[in-house]
Amino acid sequence: MINVPECSVVVITYNDAARLARAVRSVLRQSLRDIEVIIADDASTDGTEKVAREFQRRDPRVRYLRGEVNSGGCGVPRNRGVAAARAPYVMFLDSDDELTRHACKSMLLEIERTGADFVTGQISRLYELTGKTARYYPALFGRRRTVEGIAREPEMFLDSFSTNKLYRAELLRRVPFREDMHYEDHVFSTALYCAARRFAVVPWVVYLWHRASAESEERLSISLSLAEMANVRSRIRAARLSDDILRDSGLGDLVHERQRRFVRQDLRVYLNPLPSREPAWIEEFVSVIRPYLAELDPVVFETIDPLMRVCCSFVLDGRPDELLVAARSLNGPKAPPRAAVREGGRTYWGTVADERREITSLRMAELPFSASRLRHEAVLTGEGSLIRLAITTYDPFGVLAATPGWTAFLRFRNHRIRLEPRAPGGDGGHPSEATIDLTSIRHGRLGFEGRYDPVVEIVNPDGRVTSDRLLVDPRTAPSGTTVLWHRVVVEAEGNAAFLRVLWRRQGLLRQLPRLKRAATRLLRRAGGPGVKLRVYKALISVLPPRADLALFESDVGAGCTGNPRYIYEELRRRGTPLKVVWSVVETRGNHPPGVRLVRRMSWRHIWTMARAGYWVDSHGMPLAYPKPPGTRYLQTWHGQGIKSVGFDAPDLRADFDGPRATWRAAVDRWDALVSPSAEFERVFVPSNGYRGRLLRHGSPRCDVLVRGDRQAAERAREHLEIPHWSRVLLYAPTYRDRAKGSGQSVRADLAAMAEALSGDWTVVLRTHPVERFEVPEHLRHFVRQAGPYPEVNDLILLSDALLTDYSSLMCDYAVTGRPMLFLIDDWDEYRRVERGVYHDLPAIAPGPCLTTTEELIEALRDLEGLTAAFASRYIAFRRTWCADEKGHASARVVDAFFEPLHARTTDPVEVRERASSRARHPSRPSLPGRSR
């Protein structure tokens, strides 16, 4: 190598011949070609030298440095590599890990662009057993930025790795690694942050940290040898040295920030597996770690996770038994305490109101019954197929005491056993016993392959259920037995050690699922989409549709809701002689009992589509299927609003003939379209190229919103367990086309809202069906997840106000006259890049358009004042979208569309309404219906 390389990568290794090649190749394959690889071997005794010299022979960019005596740490080989580096920039790599392909180039460009002393990037753990990855503290690297010194962002103390950074070589020569200790990275990083005047942060992954699936004890890295007490002492020594470096550098005011990192990260790695340690180990651990924790400023503990703070308090008090109980709540099911105290609106772990053990922010004591938390600890014994469990149920928040008449069950997947818990014993727990014979658990003719976690279910007299998993002794050895052609293993799972049962088919039974899958593939091939479509076309060419049969579908088979539901109910109310079949997906959804159902795209569904004289739906019948001659298709659609639709929407506005032609043919099938407003006609009709008949009577689904339904509101309140004193905010954001299923549509800070509003409000979160968002447990006292709730109108009637962004729900909600708020922090992106809109929402919104959660909170606190301020806007908004909502759209649509089934009536009310409608909308197009 003649030219000076742009970057030197120091690969340190010791007795790691098997993995060294992978690490070196990840450097040689970098998109930055002008690099050198320095293999710093700390006196390996295996085949490491042979692997390194082979690389050196084949590629002149590789250099090999070998130490004569093993140093026992990482500092010596790293310093040796830095001394030998010829490039102006240096990176480090451990021989069991990898660099991502563009790591060197991307960080080199960043350091030159920013003038930083070093650049740090995202680390991703790569779990070799599963192939899954997990980013390390992703919030630290969430945005690309330049930081003018560690005092500006002390949170970066969490990033104490040396391997995810690119450094200026001259800086490394001023800040060498300690060579007399383990965890030298921690000390080095502290010194580095003190020495750097500026550093840059990039959000992309630059380093893959391999977590091996199975390593022998002697191959465990230093950071993973957590069972050794010497490891604990080394980490404490590194922490103290780091504190001293900060003080000596004039940054003593940051010591508590770095110590917070110790509690959040370093201490946590010992507490996670602590439940599986022997009592003697736990006692020694407490005695070793306690003196350093006692040195910390109390402010360190104020902002850490409440359960970590509880654990620290038990370490400081020298109570290893209590520490063990608390440590089991850090992971897995995050079980509640055995006992808790509530005083002055605050909740404390244990039997004493100690401020160090306050857990109010977890909100475990404020959850509704179905989400409430109980702790179930079990002692597992048994032999063969019999499992015996001695269960103790702890009720720390008084859930059982407040629910007279509750019953308890032990559920093993689909097998349920009644428990008979006795009165609390001396430790406050309700004891009970259960014996399960695994041979009594049935899994169908093909058996079962998988796992499940048994739970204890508590059922209140109203039928609501709350359940939690069973904690067992973490040192419980797995027990296996053979049951009915299965191998069953019962074991303790994870650091928290909850009970898990694994089933594996054996013998001939193991082959049956493969045969079933093969048969299914053959059947699908024989009855695939192409075959079904050909059969369908043949059917409609020879069989006439039945005038007494109707196929209804709502939301592509997701449920019985929207306009089709209310049209169906009107038909039933009249006793119309029409056989209605509902198309459904895999689950039953919310269809009323007794309704005829057919699984969407099944052979029966194909037959029903071909024979039905009427189609009624809210989205679109299967696109490729032509309407049978003589069948009449009522398209009710599912909303109106400001968003682009039809050929203007993102999935169709691109100039691709295939999708546009398919949609054009689908629209041509419609015989009639429910038109809720003149504005809907102005936008929706031309955007979809519709040329058929319009039913201008309002939206059937809005009838109940006009009339009101107190029972529906109370039904929703009871189902969602919302206190009667609480006001209800319906939060209904729409999805983002470029981020479906990501949860990004939930843009309000629910935690901040809970902190400010939970005493007065409950949020009912109704995300779009394509969205995926799980409400965190500590917010479930304030937020009710209502995505699965079957009828959105019930939620509208329940609510006191609506929070949305661009959802079409705003137009339905305006019927109620209740306040609306709009959180549109991404308005410019949404209208220009994302979906596109027809209206300037900030100019027409019947409520405040907000961009921050703080503004939202203030708006809710002055809701009455805002309602008055937006009164004229609200009137205009209702005039635009709700003028035709009179409360009897369902009846008018049935009259207009199902004419052959009943005598058409024309009453004076209808005549007056039509005349009034023409007067209000003189320019409204009158599109002729197609004759059939």
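What counts, and at which threshold
Numbers given to residues run from 1 along each chain, matching the order in which its sequence is written. pLDDT decides what is reported in this predicted model: residues at 70 or higher carry local features, side-chain atom pairs at 80 or more are listed and counted, and totals for whole chains, interfaces and linings draw on all residues regardless. Side-chain figures throughout are based on the complete set of non-hydrogen atoms in the structure, without hydrogens or water. Every helix listed is a DSSP run of H or I at least four residues long, and every strand listed is a run of E at least two residues long, numbered separately from the N terminus. The criterion used for residue contact is that any of the two residues' heavy atoms lie within 4.5 Å. Residue-level accessible areas treat just the shown protein chains as cover; the underlying method is Shrake-Rupley with a 1.4 Å probe. By convention a nonpolar core is built from buried Ala, Val, Leu, Ile, Met, Phe, Trp, Tyr and Cys residues, the set being connected through side-chain atoms within 4.5 Å. Relative accessibility decides the category of a residue: with a 1.4 Å probe and only protein chains considered, values under 20% of the type maximum give buried, values over 50% give exposed, and everything between is partly exposed. Between the N-to-C directions of two axes lies an angle of 0 to 180 degrees, each axis being a line fitted to C-alpha atoms and, for a helix, fitted only over the stretch in contact. Oblique is the label for any angle not under 35 degrees, not over 145, and not in the 65 to 115 range, which are roughly parallel, roughly antiparallel and roughly perpendicular in turn. All amino acids are sorted into three groups, where Ala, Val, Leu, Ile, Met, Phe, Trp, Tyr, Cys and Pro are nonpolar, Asp, Glu, Lys and Arg are charged, and the leftover types, Gly among them, are polar. One bridge is not enough; two strands pair if DSSP finds at least two bridges between them. Working rule for helices: expected span equals 1.5 Å times residues minus one. The predictor rates its confidence in each residue with pLDDT, a number between 0 and 100. Stacked, edge-to-face and tilted are the three classes for Phe, Tyr and Trp ring pairs, Trp counted by its six-membered ring, which pair at centre distances within 6.5 Å; planes under 30 degrees apart are stacked, over 60 edge-to-face, the rest tilted. By salt bridge we mean one thing: a side-chain nitrogen of Lys or Arg within 4 Å of a carboxyl oxygen of Asp or Glu.

## Re the overall build of the chain
- Across its full length, the chain holds 30 helices and 36 strands.
- Counting only C-alpha atoms, the chain reaches 100 × 75 × 70 Å along its principal axes.
- Counting contacts in the chain only where the partners sit at least 6 residues apart, residues at least 24 apart contribute 70% of the total.
- In the form shown here, the chain has an accessible surface area of approximately 40,600 Å², with 51% of it arising from carbon and sulfur atoms.

## Concerning the nonpolar core
- Residues F262, V263, L267, L271, F285 and L323 are the most contacted members of the largest nonpolar core, which totals 46 residues.
- Elements that contribute at least two residues to this core include exactly α7 (229-248), α8 (255-271), α9 (279-295), α10 (306-316) and α11 (320-327).
- Ranked by residue count, the leading element in this core is α9, at 8 residues.
- Every residue in contact with L271, bar those within four places of it in the chain, is listed here: F285, M308, C311, L323, A327 and L330.
- Core analysis: the next-biggest nonpolar cluster, separate from the first, contains 40 residues, I642, Y806, W827 and W881 among them.

## Remarks on the packing of helix α14 (residues 562-574) against helix α29 (residues 889-897)
- At a closest axis distance of 9 Å, the pairing of α14 and α29 adopts a crossing angle of 75 degrees. Considering their axes alone, α14 and α29 lie roughly perpendicular with respect to each other. Contacts between α14 and α29 involve Y566, I567, E570, L571 and R574 from the first element and S890, A891, V893, V894 and D895 from the second.
- For the contact of α14 with α29, the residue count by class is 6 nonpolar, 1 polar and 3 charged.

## Some words on the sheet that holds strand β34 (residues 801-804)
- Pairing is parallel across the open sheet formed by 6 strands, whose spatial order is β33-β32-β31-β34-β35-β36. A strand with exactly one partner marks an edge of an open sheet, and here the two such strands are β33 (783-785) and β36 (849-850).
- The pairing of strand β35 (residues 820-823) with β36 spans 2 bridges and is parallel. If you follow L823 over to β36, its bridge partner there is L850.

## Focus: the sheet that holds strand β25 (residues 579-584)
- The sheet built from 7 strands is open, its strands ordered β26-β25-β24-β27-β28-β29-β30 with parallel pairing. The two strands at the open ends of the sheet, each matched to only one other strand, are β26 (596-599) and β30 (693-695). In this sheet, neighbouring strand axes are inclined to one another by 25 degrees on average, regardless of whether the strands run parallel or antiparallel.
- Contacting β29 (672-674) and β30, helix α18 (residues 678-688) crosses the sheet at an angle of about 135 degrees to β29.

## Observations concerning α8
- Taking 1.5 Å of rise per residue, the 17 residues of α8 would be expected to cover 24 Å, and the 23 Å separating its terminal C-alpha atoms lies within 8% of that figure.
- Here α8 lies mainly inside the structure; 12 of its 17 residues are buried.
- Tucked into the core, α8 has its buried residues touching α6 (184-195), α7, α9, α10 and α11.

## Here we look at the confidence of the model for the chain
- Looking at the chain, the pLDDT average stands at 91 and 94% of residues meet or exceed 70.
- Counting contacts from residues 214-220, a segment whose pLDDT is below 50, to residues more than four positions away or on other chains yields 8 contacts.
- Of the regions scoring below 50 in pLDDT, residues 903-932 engages in 50 contacts with residues more than four places distant in sequence or in other chains.

## Overview of the environment of L694
- Relative to the elements of secondary structure, L694 occurs in strand β30.
- Residue L694 is classed as buried on the basis of its relative accessible area of 9%.
- Taking C-alpha positions, L694 is 25 Å from P659, a pair spaced 35 residues apart along the chain.

## A word on the packing of aromatic side chains
- The final tally for this structure, using the stated rule, is 35 aromatic pairs.
- A ring pair is formed by F161 and W209, whose centres lie 5.4 Å apart and whose planes are at 65 degrees; its orientation type is edge-to-face. On the criterion of sequence distance, the pair formed by F161 in the loop between β8 (145-147) and β9 (165-168) and W209 in strand β10 (residues 199-211) is long-range, its members being 48 residues apart. This pair shows no difference in class: F161 is buried, exactly as W209 is.
- Considering the side-chain rings of F680 and F684, the 4.5 Å spacing of their centres and the 15 degrees angle between planes classify their relative orientation as stacked.

## As for the side chain of E110
- Looking at the element boundaries, E110 is found in helix α4 (residues 103-114).
- In this structure E110 touches V119, R144, A200, V202 and W204, once residues within four positions along its chain are discounted.

## Here's the deal with the pattern of salt bridges
- One pass over the structure, following the stated rule, counts 79 salt bridges.
- Between R237 and D180 there is a salt bridge whose closest N-O contact spans 3.3 Å. On the criterion of sequence distance, the pair formed by R237 in helix α7 and D180 in the loop between α5 (169-174) and α6 is long-range, its members being 57 residues apart.
- Accessibility expressed as a relative area gives 35% for R237, which makes it partly exposed.
- Judged by its relative accessible area of 44%, D180 is partly exposed.
- For the salt bridge of R342 with E366, the shortest nitrogen-to-oxygen distance reads 3.8 Å. In this pair, R342 sits in strand β11 (residues 340-343) while E366 sits in the loop between β12 (346-349) and β13 (375-383), placing the two residues 24 residues apart along the sequence.
- What you see here is one network of salt bridges that share partners, running through R736, R747, D805, D825 and D826.

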